[in-house]
Amino acid sequence: MKIRLLVVLFAGLLSLPAFAQQYDTFIRNGKIVDGSGNPWFYGDVGIIGDRIAFIGHAAADVKAKRTVDATGLIVAPGFIDMLGQSETNLLIDKRAVSKLTQGITTEITGEGESVAPFVKADLVEQKDFLEHFHLTIDWESLDQYFNRLAKQGSAINLGTYVGAGQVRKKVLGQVNRAPTPDELKDMEEFVGDAMLDGAIGISTALIYAPSNYAQTDELIALAKIASKYGGIYATHMRNEGDEEMQALDEAFRISREANIPVEIFHLKVSGKQNWGKMQQVVSKIEDARANGIDVTADQYPYTASATSLGALIPPKYHEGGSEALVARLKDPKTKEAIRQELEGGKGYENMWRGVGGPEGVMLISTIVPELKQYEGRTVADVARMQNKQPFDAICDLLVQSKDGIGAAYFSMQENDVRLAMQQPWVSVGTDYGEVAPDGLLGESKSHPRAYGSFARILGKYVREEHVLRLEDAIRKFTSLPAQRVRLDHRGLLREDYFADITIFNPTKVLDVATFESPNRPSVGIEYVFVNGTLALEHEKVTGQYGGRPLRGPAYQARGIAPEGLAPRGSVRGFVSDTDGWPLPRTRIVLTDASGKEIASATSGREGKYEIPLEQPCENCALSATRMGFAPQKRALTYNGSNHLWFGFALERAH
C-alpha cells in the first residue's frame, strides 16, 4: 500500500510542471485541421517561443501571456506558397501584406532565375526597377542574400531554388548557344555553391530567355549537382500549350537521368485550342509516377496567367537582354519578322495565339508614369485608345517601358483548373511577389492571385462548390509542400514543430481581389503566427516580423543553424594556397586503411568541398591534389555520423 501511494505521489509530482507551464500564446477551442489530411478535431494549442509546445485538451487554469479564443475557427499549419516571387519584394516592403492576409507563412521562390548568384549585368538590366524602389544590391552569393534578409527582418519565411537560367547568365551572359565544357563546369560549381548556401534545389523557366537557350543535356548536368546535395528539380516547362506532352517528357527525362524529384510549376493547359486536355496531362503524370518518376506539381486557382508583356515576343529576339530586344523592335525588318511569327509561328509557346488575340491580354503593372493609364486595360483597349494596330501598340509599349510591363493572359479553362486541383499531388503557389494596397508595392495593379489564391480555394472551391474537402485543401497548403521541399518541422501541427499557424473563419474566408480591382486583401483569415510571432490579428498585419530564411538540406552550417534537416555525416572543409586564396577544382580523395579510394570530391569556386559519408572510416586518409601544387595528405578516423572538417593550404610546386 505504501509503495502504491509513493508511486501515485511521484506521478503527481512529475505532472506538476505541465500544469504550471506558462505559454507565450494559448489557442483555445479551435477546430484543429493538422495538415495531415486527417479529419478535424476540437483542441487547444500552446506556443512557447517559436515552437508548438502543446496540442490537446487543456485544463481551464492554463496560464498564458496571450490567449486566443478560436471558437468557431479553424486552426491549421501556416500555408506554404510553393512559388511566390518575393525575393526582392521583401527587401522593399517586409510586411508581406498580400501573403499574410491569405494565411501564408512560408514562401518558396526562384523560378528559373534566382536572387543568387548575382549577375552584375543585371544592375544595368534592372536599373530602372532598382532606382524606383530604392533597392541596393549588396550580395553576390545566396548566403549573403539570406544574411541580409535575416538582418532586415521579414514577416514570412523564405526559401529559394537556384535558377539554371541564373547560373547560365552568370557564366555565359544572354547568348543563345551551348556552354563549352569549361563553362558547364563553372555552372555546375555555382549550383553546388548555392546548394551549400541553402538552396532547396534547382529550377528552370524554359519559355523565357536565357533559360530557353539551354538544351536538355545541360539541364541534366546541373540537376545532377542539385540531386547530389539532396535538392529537387522544379520547372516552368518548355511548353504549357500545344507541345505540353513533349515538355513533360523532357521534365521526366531530367528527373530520371539526374535521379532527382521533379516539381511542375503552375500546372496548367494553356491556349484556347488546348482546352479540355488536362485529363491527358494528369494521366501522363500518373503514368510517370506509376513508373517510378517522383513528380508533383503546384497551381494557382485562376484561368489567367501573368508574366511580362515581352513574353509575347519569341525567345530568340530576347538574346542580349532588354536593350537588344528594344533595338530589334525599332528595326522595321525585324519587327515585321516578329509579327509573322506571332501570327503563325511554332517552335515556342505562342501566347498571342493561345489567348485569341488582343482581347486576351491585360496590362497589369508598370513603373513608367506615362503608361500607368493602361493598367487594367487589354491590348485591344490600348490599341483603340492610341488608334494603332494591336501589334504596333505592343511593340511601342515594350520600347517605351524598356520591356518593363506586366500582363495577364486569359488562356485557361475553369474545368481544367478544377481537375488539376483535385489531384492529391498538386499543391498551391501564387506565382506572384508579396504586394500591398499601400506603399511602393501598391502603386501598380496586380494579378488577383497575389492576394487571393489560398483564400479563393477555401471559399470558392471548398465551402461553396465542394471541389475539395477542407482537410484535403489544408494538406495541399501545408504538409504536401513541406514534404516536397524538405522543410524540417513545418507543415503540420505537432509538438516541437515551428509555430507557423493560420487561424481562419471557415464561413467567411474568401478572396475579394478581382482583375478590375486586384489590390484587395482576402477576408476571413483571423490570426497568423510565424515562428510563434503574431504577424496578423483580426485580418490586419501587426508589424511584427518572425520570418526567417529557410535553407535547404545541404546547408553547410546546418550543424549550428536552428532550421532544417538534421545534419548528415560528412567530411568537409576548405582548400587554399599558402596565401589564403581559395583553390577551386582541387581533387579531394578519401581512402581506407588499405589505400583503396572510398569517395572523392572537387573543391568549388570558393575552395569549399564536401564528401557525404554515412559509414565509419577507421585509419583512413584524406588527400588533396591540384596541378601546380604539392599534394597534401591527412590521417583521419571517422564515426560515420558527425561532421569532420579538414582544411588544406597547398604550397606551389617548384
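Residues numbered from 1 in each chain as written. Predicted model: local features only at pLDDT ≥ 70, side-chain atom pairs only at ≥ 80, totals over all residues. Heavy atoms only, no water.

1. Points about empty space enclosed by the protein
Part 1 of the argument: By the definition in use, this model includes five cavities of 30 Å³ or more.
Part 2 of the argument: Computed from the structure, the largest cavity encloses a volume of approximately 70 Å³.
Part 3 of the argument: Split by residue class, the lining of the largest cavity holds five nonpolar, four polar and two charged. (1 Å grid on protein atoms, 1.4 Å probe; cavity = no way out; pocket = protein on both sides within 12 Å on 5 of 7 lines; lining within 4 Å. Points joined across faces, edges and corners; volume = space filled by probe spheres on them. Nonpolar A, V, L, I, M, F, W, Y, C, P; charged D, E, K, R; others polar.)

2. Quick look at the state of the cysteines
Part 1 of the argument: By the definition in use, this model includes one disulfide.
Part 2 of the argument: Residue Cys617 pairs covalently with Cys620 via a disulfide, S to S 1.7 Å. Taking the sign of the S-S torsion, about -105 degrees here, the bridge from Cys617 to Cys620 comes out left-handed.
Part 3 of the argument: A relative accessible area of 4% means that Cys617 is categorised as buried. (Disulfide = S-S within 2.5 Å. Buried < 20%, exposed > 50% of the residue type's maximum accessible area, 1.4 Å probe, protein only.)

3. Some thoughts on the packing of helix H11 (residues 278-290) against helix H17 (residues 414-421)
Part 1 of the argument: Where H11 meets H17, the axes come as close as 9 Å, and the angle between the chain directions of the two elements is 20 degrees. Classed by the angle they form, the pair H11 and H17 counts as roughly parallel. Between H11 and H17 lies a crossing whose hand is right-handed. On the side of H11, the interface is formed by Met278, Gln279 and Val282, while H17 contributes Asp416, Leu419 and Ala420. (Axes fitted to C-alpha atoms, helices over the stretch in contact; angles between N-to-C directions. Helix = DSSP H or I, 4+ residues; strand = E, 2+ residues; numbered from the N terminus. Parallel < 35°, antiparallel > 145°, perpendicular 65-115°, else oblique. Left-handed = near helix turned anticlockwise from the far one by under 90°. Contact = heavy atoms within 4.5 Å.)

4. With respect to the sheet that holds strand S23 (residues 587-591)
Part 1 of the argument: Spatial strand order, S24-S23-S26-S27: four strands in an open sheet with antiparallel pairing. Where the open sheet ends on each side, the last strands, each with one partner, are strand S24 (597-602) and strand S27 (632-638). Each strand of the sheet is rotated relative to its neighbour by a mean of 20 degrees, with strand direction disregarded.
Part 2 of the argument: Inspection of the sheet shows strand S26 (residues 617-625) paired to S27 by six bridges, in the antiparallel sense. Along S27, the bridge assignment pairs Cys617 with Tyr638. (Pairing = 2+ DSSP bridges.)

5. Topic: the nonpolar core
Part 1 of the argument: With 105 residues, the main nonpolar core has Leu267 and Phe504 as its most contacted residues.
Part 2 of the argument: Considering each element in turn, this core owes the most residues, eight residues, to helix H18 (residues 449-464).
Part 3 of the argument: The residues contacting Leu267, other than those within four sequence positions of it, are Glu244, Met278, Val281, Ile285, Ala297, Asp298, Gln299, Ala420, Trp425 and Val426.
Part 4 of the argument: Membership of the second largest hydrophobic core comes to 28 residues, among which are Ile338, Leu363, Val379 and Phe391. (Core = buried A, V, L, I, M, F, W, Y, C linked by side-chain atoms within 4.5 Å.)

Interpretation in functional terms is not warranted from these geometric data alone.
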